[in-house]
Amino acid sequence: MTTDFAPTRQRFSPLSILERYGVIVAWVIVIVVFSILRPATFPTAGTVSLILGTQTVILIATLGLMLTLAVGEIDLSVGSVVGFGACLMVVLNGTTGLNVWLSVLLTLVACALFGLMNAALTVLVGVQSIIVTLASGTLLAGITLAVTGSKVVTGMDPALISLISTRWFGIPIPFYFGVALTIVLWFVMQHTPIGRRMAFVNANRVVARLAGIRVDRIRTGGLIATATLAGLAGIVLAGQNGAANPQAGTYYLLPAFAGAFLGSTTIKPGTFNAFGTWVAVYFLITGITGLVYLGFAGWPEQVFYGASLLVAVSLGVLARRRQRGGTT
């Protein structure tokens, strides 16, 4: 048995190119179509700033979820952690008056510990992660309501609000942070031993164990990383709004799954990857924004995210089946 993780040679054909860059092509087509339909409002600097500057919370949460999916687990608590992180940040900083950076640190630690709890129940006890995180996410949503008294909490430090609202070239600074995080995760997953081990664990845990990989440690790390990044997304959300709604977390679950699975169908089809996730998140919000500009308010997000998730999961299965030579 070999532990060689050297990538196999890719055969480039029109079909493989379409698989790799199909979402990007679709993104360009969507931009062109909406620009034609709404030439006065859609192809403007304001729309670009809206699309790029308002999705960092979803992007961070989706990148975090991607790490759990990349090791073969499913985390249904990601939305609850986003909401909890936002509320805990505001409560610590605004209500109790703790230093803003200490509040950031404590929020991230609390979310990481929540991820550790998920990992302990999944890895040590042996409960399926989808069940663990469904239950723990519901529990955390209840705790969030209790901590906030079921009310919107306010009082964020103006310094953090000012920092997050700072614009470079007309785009809020969190966008650039999201780009930097995407690049870091791409490097880790594609060019480090940890990334190669994650891929091996996702492909076959039994073989990975026989190859000497500490599978349980990799799975634990994925679940902790997801919760920590979801908490970070919550902190950004609180900074953007200057307040936190205890019920806001439920909104982020479907977009995170849609983005992560759609991202696995592009750049590296059949593989959860950072750049594909970035493209998917902004492709989805571009489509939703265009529909809103056409006057379809209210329902486009649910339809777009739900349909995209169904299509993405199906395409992901087909891509992995094709990579394995058509076997089921």
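Residues numbered from 1 in each chain as written. Predicted model: local features only at pLDDT ≥ 70, side-chain atom pairs only at ≥ 80, totals over all residues. Heavy atoms only, no water.

Asks: What should I look at first to understand the packing of aromatic side chains in this one?
Replies: Any two aromatic rings considered together are summarised by their centre-to-centre distance and by the angle between their planes. In the structure shown here, the tally under the stated rule is 12 aromatic pairs. A centroid spacing of 5.6 Å and a plane angle of 45° characterise the contact between Phe-34 and Phe-42, whose relative ring orientation is tilted. Across the pair, Phe-42 and Phe-34 agree in class, each one buried. Relative to Phe-272, the ring of Phe-261 lies with its centre 5.4 Å away and its plane at 75°, an arrangement referred to as edge-to-face. Highlighted residues: Phe-261 in helix α12 (residues 253-263) and Phe-272 in the loop between α12 and α13 (274-293), separated in sequence by 11 residues. Exposure remark for Phe-261: the relative accessible area of 16% places this residue in the buried category. Residue classification places Phe-272 among the buried residues on the basis of a relative accessible area of 9%. (Phe/Tyr/Trp six-rings, centres within 6.5 Å; stacked < 30°, edge-to-face > 60°. Buried < 20%, exposed > 50% of the residue type's maximum accessible area, 1.4 Å probe, protein only. Helix = DSSP H or I, 4+ residues; strand = E, 2+ residues; numbered from the N terminus.)

Asks: Please clarify how the environment of Leu-315 should be interpreted in this entry.
Replies: Its location among the elements puts Leu-315 in helix α14 (residues 300-323). Separated by 180 residues in sequence, Leu-315 and Ala-135 place their C-alpha atoms 29 Å apart.

Asks: Just to check I follow, could you spell out the nonpolar core for this structure?
Replies: A general feature of soluble globular proteins is that nonpolar side chains tend to end up buried together. Counting 83 residues, the largest nonpolar core has Met-66, Val-82, Met-89, Leu-185 and Tyr-282 as its most contacted members. The residues touching Met-89, leaving out its near neighbours within four places in the chain, are Gly-94, Val-100, Ser-103, Val-104, Thr-107, Met-156, Leu-160, Ile-235 and Ala-238. (Core = buried A, V, L, I, M, F, W, Y, C linked by side-chain atoms within 4.5 Å. Contact = heavy atoms within 4.5 Å.)

Asks: In this structure, what is going on with the pattern of salt bridges? I would like to understand it.
Replies: A side chain of one charge can pair with a side chain of the opposite charge if their charged atoms are brought near each other. Counted according to the given criterion, the structure contains four salt bridges. Among the ionic pairs, Arg-205 bridges to Glu-73, the shortest N-O distance being 2.7 Å. Taken together, the residues Arg-205 in helix α10 (residues 205-210) and Glu-73 in the loop between α3 (56-69) and α4 (78-95) connect sequence positions 132 residues apart. Here Glu-73 falls in the buried class, since its relative accessible area comes to 4%. Between Arg-219 and Asp-216 there is a salt bridge whose closest N-O contact spans 3.3 Å. Taken as a pair, Arg-219 and Asp-216 lie in helix α11 (residues 215-241) at a separation of three residues, close to a single helical turn. Given the relative accessible area of 8%, Arg-219 is considered buried. According to the relative accessible area criterion, Asp-216 is partly exposed, its value standing at 32%. (Salt bridge = Lys/Arg side-chain N within 4 Å of Asp/Glu carboxyl O.)

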